[in-house]
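Single-letter residue listing:
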Amino acid sequence: MRSITTAASLLLSVLTFMNISIANGQPSPLATCFSCPDSDIGLNILLSFTIPDVITGAFTCVYLGGGICRYDSGTGALVSLVIDNPLCAGAAVNVCRARREERRAKAVPKSPKPPSPAAYVPKPKVMQTRKTLREEKSRNRRGPSA
């Protein structure tokens, strides 16, 4: 019984290792700022979608009523199909714009003015006053001079 458990765990670990190495070796999908609309004009919900095609740059959206729509991944514009679906939305949803607006809303506001350049300019009078005070302090510590 113990050898069967050991063999099963070894087999699972080997399969897991092979699955991870295969998954990591896959090319990542093309980055795109556009996504399928949640529903088409006929309010049919989105069932599935494909990643953008490497050659054509188009991605496909499949809706509940059997509607298939293709959009260009670069512009988000509707691509004409062999099977024309009149319920396709005119353009895909720009998700990058929404992400940017969300990040802007969450960002910490910047200062309205840059720091004053006077804060970094050496001030000779202030430095001379500090030097004088430091010298007087050190003289007072030593006591009265003889």
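Residues numbered from 1 in each chain as written. Predicted model: local features only at pLDDT ≥ 70, side-chain atom pairs only at ≥ 80, totals over all residues. Heavy atoms only, no water.

**Q** I'd like a description of helix α3 (residues 124–142), backed by residues and values.
**A** Relative to the 27 Å expected for 19 residues at 1.5 Å per residue, α3 spans 27 Å between its end C-alpha atoms, a close match to the ideal helical length. The element α3 is largely exposed, with a buried count of zero among its 19 residues. Positive phi shows up at G143, right after α3, with a value of about 100°. (Helix = DSSP H or I, 4+ residues; strand = E, 2+ residues; numbered from the N terminus. Expected span 1.5 Å × (residues − 1). Buried < 20%, exposed > 50% of the residue type's maximum accessible area, 1.4 Å probe, protein only.)

**Q** Account for the confidence of the model for the protein, naming residues and giving values.
**A** On average, residues of the protein carry a pLDDT of 76, and 68% of them reach 70 or more. Of all the helices and strands in the protein, helix α1 (residues 2–24) carries the lowest mean pLDDT, 50, while α3 carries the highest, 90. Overall, residues 14–26 carries pLDDT values under 50, and its contacts beyond four positions in sequence, including any with other chains, amount to zero contacts. (pLDDT = per-residue confidence, 0-100. Contact = heavy atoms within 4.5 Å.)

**Q** I'd like a description of a nonpolar patch on the surface, backed by residues and values.
**A** Residues I45, L47 and L64 make up a contiguous nonpolar surface patch of roughly 300 Å² in combined accessible area. Mapping L64 onto the fold places it in the loop between β3 (58–63) and β4 (68–72). (Patch = residues over 30% accessible without salt bridge, like charges linked within 9 Å, V, L, I, M, F, W, Y side chains within 5 Å. Areas by Shrake-Rupley, 256 points an atom, 1.4 Å probe, with all protein chains shown as cover. Salt bridge = Lys/Arg side-chain N within 4 Å of Asp/Glu carboxyl O.)

**Q** Break down unusual backbone geometry for me, citing the residues and quoting the values.
**A** Its identity as a non-glycine residue notwithstanding, L43 has a phi of 60°, on the positive side. With respect to the helices and strands, the residue L43 is situated in the loop between β1 (34–35) and β2 (46–49).

**Q** Go over the packing of aromatic side chains, please, and point to the residues and values.
**A** Applying the stated criterion to the full structure yields one aromatic pair. A centroid spacing of 6.0 Å and a plane angle of 35° characterise the contact between F59 and Y71, whose relative ring orientation is tilted. With F59 in strand β3 and Y71 in strand β4, this residue pair connects regions lying 12 residues apart in the sequence. Residue classification places Y71 among the buried residues on the basis of a relative accessible area of 0%. (Phe/Tyr/Trp six-rings, centres within 6.5 Å; stacked < 30°, edge-to-face > 60°.)

**Q** Account for the pairing of β4, with residues named and values stated.
**A** Residues C69 and Y71 line the buried face of β4, whereas the alternating positions I68, R70 and D72 sit on a face that is not buried. Alignment of β3 against β4, held across five bridges, turns out to be antiparallel. By the bridge assignment for β4, A58 is matched with D72. The antiparallel hairpin formed by β3 and β4 contains four residues in its connecting segment, where G66 sits at a positive phi of about 95°. For β4 and strand β5 (residues 78–79), the ladder comprises two bridges, and the chain directions are antiparallel. Bridge pairing in β5 places R70 opposite V79. Between β4 and β5, which follow one another and run antiparallel, lie five residues, and G76 among them has a positive phi close to 80°. (Pairing = 2+ DSSP bridges.)

**Q** Break down a positive patch on the surface for me, with residues and values.
**A** On the surface, R97, R99, R100, R103 and R104 cluster together into a patch of positive charge. Examined against the element boundaries, R104 turns out to sit in helix α2 (residues 95–106). (Lys, Arg positive; Asp, Glu negative; His and termini not counted. Charge placed at Lys NZ, Arg CZ, Asp CG, Glu CD.)

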